[in-house]
Amino acid sequence: MPHLITSLSHCDLSPTSFRRDLLPGLIAEPEDVEKNYDTTTFWYDAFWRAGRLFLIAPTPLNLDILFSRKHIFVDGRPASRIKRKIRDRHAIYSMPAKTKPRNVSVHINDQIISCAVNSTQEAELFDGKNACLLISKDNNLDWISDYVSYHKNVHGLQSVLFFDNGSTQYSLQDLSETIAKTGVENSLVIDAPFPFGVRNGRKNDGRKNFRSNFLQDAMLNLGRLRFLHNARAVLNSDIDELIWTSDGRSIFDHAVGHWSGISRFSGTWRHIASSAENANHQVRHADHLYAQEPEASCVGKYCVRPKSITGLQSWNVHTIGHKSRFLKNLGNDTEAGFWHFRHISTSWKYDRNTPLNIAKQRDRVMEKMLIDGGILPQTKRAVCDEA
């Protein structure tokens, strides 16, 4: 059962004078921009697949001028017929290459930055499998274990693609071993220590602005194109989200069984007991046994079949397709959803540990599914059995 670790072949412009401009309309504190806005990553990864060389990049803005045959060289020769797909938070550049190149480079005046070209060999880990794609930094290893175990036991998860965004609390080897111990068939942990994006960006009208979060959208589409193109179905969710279905079928079966190849579902928050909010112990998913009254909804996620009308489109954090009205509502699934666990967080975006003054109701249906998922501790299981 392969459980592998790898890195990306990225290009960074730090040795040059070129820097990515600040996104137009992005308002943020200077410290937030300096720490979290990616000004120097030219591309995250370079790989070859089926006669084309791909470069997966952050939204280029002013750097797009460098993606030309004047500056991009493949095995020492100017690149030709560069095709570009520039989205809100990422870009995909591709060019023809009959065989896998050894390297790709950017030439800026007298400076040359060269990178090896990766293959898609690791995609075999996901071929025909029920897979999930995760992006995480310093999430507790117990949380990761609970997430993978639950989806393996309840939904038949088989393979995990995990982008680690520069965790400092444990090693990549520790992370890989944690995933392997859950019993899933395969996993691939990828070192991706790039700036995630401005944490508290705003628009001119005061609304939140997430457009500088290049990394997450880029990794979703890197996963789609390099690793997951032959997977049976792929679940896109986060460590603090557990998926449920109400009809006995797995979320992967929901996606595969719909003609559009996608299951879209919304979420609701789950909370720990009020008496435990100030307790000095590590909170787990299974501590969140209470629903909020009235229910508070969360922006949706999805499970998608890569080789489908939807799966072949751009993958985004909450949607599929690039501003497509036709694709927007395909596969809305009323028999699936997710629970969003408030305290399963490092509070990297905002404080999720402060107690909330809300009404709560114990969720017995969720308790049973956590038991079925093998992540409800024995002490709480006894309480559930007695109820």
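Residues numbered from 1 in each chain as written. Predicted model: local features only at pLDDT ≥ 70, side-chain atom pairs only at ≥ 80, totals over all residues. Heavy atoms only, no water.

Digging into the pairing of strand S5 (residues 52-57)
Extensive coverage of S5 is indicated by the burial of five of its six residues. Sheet analysis places strand S4 (residues 45-49) next to S5, joined by five bridges and oriented antiparallel. Residue pairing across strands places Phe47 opposite Phe54, the latter belonging to S5. Counted between consecutive antiparallel strands, the loop separating S4 from S5 contains two residues, among which Ala50 sits at a positive phi close to 50°. (Buried < 20%, exposed > 50% of the residue type's maximum accessible area, 1.4 Å probe, protein only. Helix = DSSP H or I, 4+ residues; strand = E, 2+ residues; numbered from the N terminus. Pairing = 2+ DSSP bridges.)

Brief notes about helix H7 (residues 364-372)
Those residues of H7 not exposed but buried are Met366, Glu367, Met369, Leu370 and Ile371. If you check the start of H7, you find a side-chain oxygen 3.2 Å away from the backbone N of Val365, and it comes from Asp363. Gly374 sits one or two residues past H7 and shows a positive phi near 75°. (Polar contact = N/O pair within 3.5 Å; in protein donor to acceptor, adjacent residues only side chain to side chain.)

Some points on a nonpolar patch on the surface
On the surface, Trp259, Ile309 and Phe326 cluster together to form a nonpolar patch covering roughly 360 Å² of accessible area. Topologically, Ile309 is positioned in the loop between strand S19 (297-304) and helix H6 (325-328). A relative accessible area of 37% means that Ile309 is categorised as partly exposed. (Patch = residues over 30% accessible without salt bridge, like charges linked within 9 Å, V, L, I, M, F, W, Y side chains within 5 Å. Areas by Shrake-Rupley, 256 points an atom, 1.4 Å probe, with all protein chains shown as cover. Salt bridge = Lys/Arg side-chain N within 4 Å of Asp/Glu carboxyl O.)

Points about the sheet that holds S5
Pairing between the strands of a sheet is mediated by backbone hydrogen bonds and can be parallel or antiparallel. Read across the sheet, four strands follow the order S4-S5-S9-S8 without closing on themselves; strand pairing throughout is antiparallel. In this open sheet, the two strands that pair with only one neighbour each are S4 and strand S8 (83-86). In this sheet, adjacent strand axes meet at a mean angle of 20° when their direction is disregarded. Two strands pair when backbone bridges link them, and S5 and strand S9 (residues 91-96) are joined in this way by six bridges, in the antiparallel orientation. Looking at the pairing, Leu53 lines up with Met95 of S9. Strands S4, S5 and S9 of the sheet are contacted by helix H4 (residues 214-227), whose axis makes an angle of about 20° with S4. (Axes fitted to C-alpha atoms, helices over the stretch in contact; angles between N-to-C directions. Contact = heavy atoms within 4.5 Å.)

Here we look at the sheet that holds strand S7 (residues 77-78)
Strand order in the open sheet formed by four strands is S7-S6-S10-S11, and the pairing between neighbours is antiparallel. The two strands at the open ends of the sheet, each matched to only one other strand, are S7 and strand S11 (111-116).

Description of helix H3 (residues 172-181)
Among all positions of H3, only Leu175, Ser176, Thr178 and Ile179 are buried. Within H3, the buried residues cover an arc of 160° as seen down the axis, which keeps them to one side. Contact partners of the buried residues in H3: strand S1 (3-7), helix H2 (141-155), strand S13 (159-164) and strand S14 (186-191). Remark: Gly183 follows H3 within two positions and exhibits a positive phi of approximately 95°. (Arc of directions from axis to C-beta.)

Comments concerning the side chain of Glu367
Along the chain, Glu367 falls in helix H7. At a separation of 2.3 Å, a polar atom in the side chain of Glu367 contacts the side chain of Arg362.

Re the packing of aromatic side chains
The tally for this structure, following the rule as stated, stands at seven aromatic pairs. Plain terms: the ring middles of Phe42 and Trp43 are 5.4 Å apart, the flat faces sit at 35° to each other, and that makes the pair tilted. Across the pair, Trp43 and Phe42 agree in class, each one buried. By the ring-pair criterion, three or more aromatic residues cluster together here, those being Phe42, Trp43, Phe67 and Tyr93. (Phe/Tyr/Trp six-rings, centres within 6.5 Å; stacked < 30°, edge-to-face > 60°.)

Examining the packing of H2 against H3
Between H2 and H3, whose axes approach to 9 Å, the crossing angle comes to 35°. In this structure, the crossing between H2 and H3 has a hand that is right-handed. Facing Leu141, Ile144 and Ser145 of H2, the residues of H3 in contact are Asp174, Leu175, Thr178 and Ile179. Across the contact of H2 with H3, the residue classes tally to four nonpolar, two polar and one charged. (Left-handed = near helix turned anticlockwise from the far one by under 90°. Nonpolar A, V, L, I, M, F, W, Y, C, P; charged D, E, K, R; others polar.)

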